[in-house]
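What follows is each chain in one-letter form.
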Amino acid sequence: MLQTIEQEPASEATASVIWMHGLGATAHDFESVPPHLGLAPELAVRFVFPQAPSIPVTINAGMVMPAWYDIQQLDTTGRDGDEAGIRRSEAQVRALVDREIERGVPAESIVLAGFSQGGAIALQAALRDPRRLAGVMVLSGYLLLADHLDEEASPANRDLPIFQAHGTHDPMVQLSWARRSREHLEQLGWRPESHEYRMAHQVCLEELEEIGRWLNRVLA
């Protein structure tokens, strides 16, 4: 089980957001965000921030850092990437979903979320989870293993709500990658709610406000 930082609601949790950090970051990266989302208090959301394992990352000269999978080259499809690492992280995220269900939160009240590489893993795991989830949130991320998605997608999540946000000036994960990911999802029948903001590889206040509105809808 991945190590996590957790924030409990004032009353017993009835919903959960499992939020993955980006490459080289930590589980602390987004722990300050929940108070800024404007969530309805009656939702009683538990926030779970997992810590990725530290592994060598090829594009960073083999340096060991927190990563959900190795990035061997900047290939947005994941076809030539670390498929074994992607599958491992998918299974670890699914284990976190299992734990939330064991703690009394129904699958349909669980959102997977992530930033950058963490967003890619959130999308990878959510669309393949056999249980109906509440939604998936992809911030400055992209679609992995796109060629396998149609055959691997779970029937339960074929119309899963997807929140996608990206910076128009992102120098690390290009906007074109996000747009290509959205087009691929649309071709397979999903209808991502897509937002673009005048920012780099980051999040902004306007984005957080929109995330809050989306979470209020999908968790209501």
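Let me begin by describing the structure that accompanies this report. (Residues numbered from 1 in each chain as written. Predicted model: local features only at pLDDT ≥ 70, side-chain atom pairs only at ≥ 80, totals over all residues. Heavy atoms only, no water.)

## Examining the side chain of Gln117
Turning to its location among the elements, Gln117 is positioned in helix H2 (residues 117–128). Gln117 gets classed as buried once you look at its relative accessible area, which sits at 2%. Within the structure, Gln117 has its side chain in polar contact with the backbone nitrogen of Trp68 (distance 2.8 Å). (Helix = DSSP H or I, 4+ residues; strand = E, 2+ residues; numbered from the N terminus. Buried < 20%, exposed > 50% of the residue type's maximum accessible area, 1.4 Å probe, protein only. Polar contact = N/O pair within 3.5 Å; in protein donor to acceptor, adjacent residues only side chain to side chain.)

## Here we look at the pattern of salt bridges
Side chains that carry opposite charge are capable of pairing whenever their charged atoms lie near each other. Counted under the stated rule, the structure contains 18 salt bridges. The closest approach of N and O atoms between Asp150 and Arg158, which form a salt bridge, is 2.9 Å. Look at Asp150 and you get partly exposed, because its relative accessible area is 44%. When salt bridges that share partners are traced, they join Glu6, Glu8, Arg46, Arg99, Glu100 and Arg103 into one network. (Salt bridge = Lys/Arg side-chain N within 4 Å of Asp/Glu carboxyl O.)

## Some details on unusual backbone geometry
With a phi angle near 55 degrees, Ser116 is a residue other than glycine that sits in the positive phi range. Its identity is not glycine, yet Ser140 carries a phi of approximately 55 degrees, on the positive side. In this structure, Ser140 sits in the loop between strand E7 (135–139) and helix H3 (146–152). Judged by its relative accessible area of 0%, Ser140 is buried.

## Overview of the packing of aromatic side chains
Evaluated as defined, the whole model comprises 6 aromatic pairs. Measuring from ring centre to ring centre gives 5.7 Å for Phe163 and Trp214, while their planes differ by 50 degrees; the resulting arrangement is tilted. Within this pair, whereas Phe163 is found in strand E8 (residues 162–167), its partner Trp214 is found in helix H5 (residues 205–219), the two being separated by 51 residues in sequence. With a relative accessible area of 0%, Phe163 lands in the buried category. Residue Trp214 is classed as buried on the basis of its relative accessible area, which comes to 2%. (Phe/Tyr/Trp six-rings, centres within 6.5 Å; stacked < 30°, edge-to-face > 60°.)

## Some remarks on helix H1 (residues 83–102)
Taking 1.5 Å of rise per residue, 20 residues should cover 28 Å, and H1 covers 29 Å from first to last C-alpha, within 8% of that figure. Among the residues making up H1, those that are buried are Gly85, Ile86, Ser89, Glu90, Val93, Leu96, Val97, Arg99 and Glu100. Buried residues in H1 make contact with strand E1 (4–7), strand E2 (15–20), strand E3 (45–50), strand E6 (110–115) and H2. Looking one or two residues beyond H1, the residue adopting positive phi is Gly104, at roughly 105 degrees. (Expected span 1.5 Å × (residues − 1). Contact = heavy atoms within 4.5 Å.)

## Digging into the sheet that holds E1
Taking strand neighbours across the sheet as the criterion, the 7 strands line up as E1-E3-E2-E6-E7-E8-E9 in an open arrangement whose pairing is mixed. Looking at strand neighbours, the two that pair on one side only are E1 and strand E9 (193–197), the edges of this open sheet. Strand-to-strand twist of the sheet, defined as the mean angle between neighbouring strand axes without regard to direction, takes the value 15 degrees. In the sheet, E7 pairs with E8 via 4 bridges, with the strands oriented parallel. Paired with Val138 across the strands is Gln164, a residue of E8. Set on the sheet, helix H4 (residues 175–187) makes contact with E8 and E9; between it and E8 the angle comes to about 160 degrees. H5 rests against E2, E3, E6, E7, E8 and E9 of the sheet, and its axis sits at about 170 degrees to E9. (Pairing = 2+ DSSP bridges. Axes fitted to C-alpha atoms, helices over the stretch in contact; angles between N-to-C directions.)

## Points about the nonpolar core
Membership of the largest hydrophobic core comes to 40 residues, with the highest contact counts inside it found for Tyr69, Leu112 and Val136. Looking at this core, the elements that each hand over two or more residues are E2, H1, E6, H2, E7, H3 and H4. Tallying contributions element by element places H2 first for this core, with 7 residues. Filtering out sequence-adjacent residues up to four positions away, Val136 remains in contact with Leu112, Ala122, Leu123, Ala126, Leu160, Pro161, Ile162, Phe163 and Trp214. Within the second largest apolar cluster, 28 residues are counted, among which are Phe30, Leu37, Leu139 and Val218. (Core = buried A, V, L, I, M, F, W, Y, C linked by side-chain atoms within 4.5 Å.)

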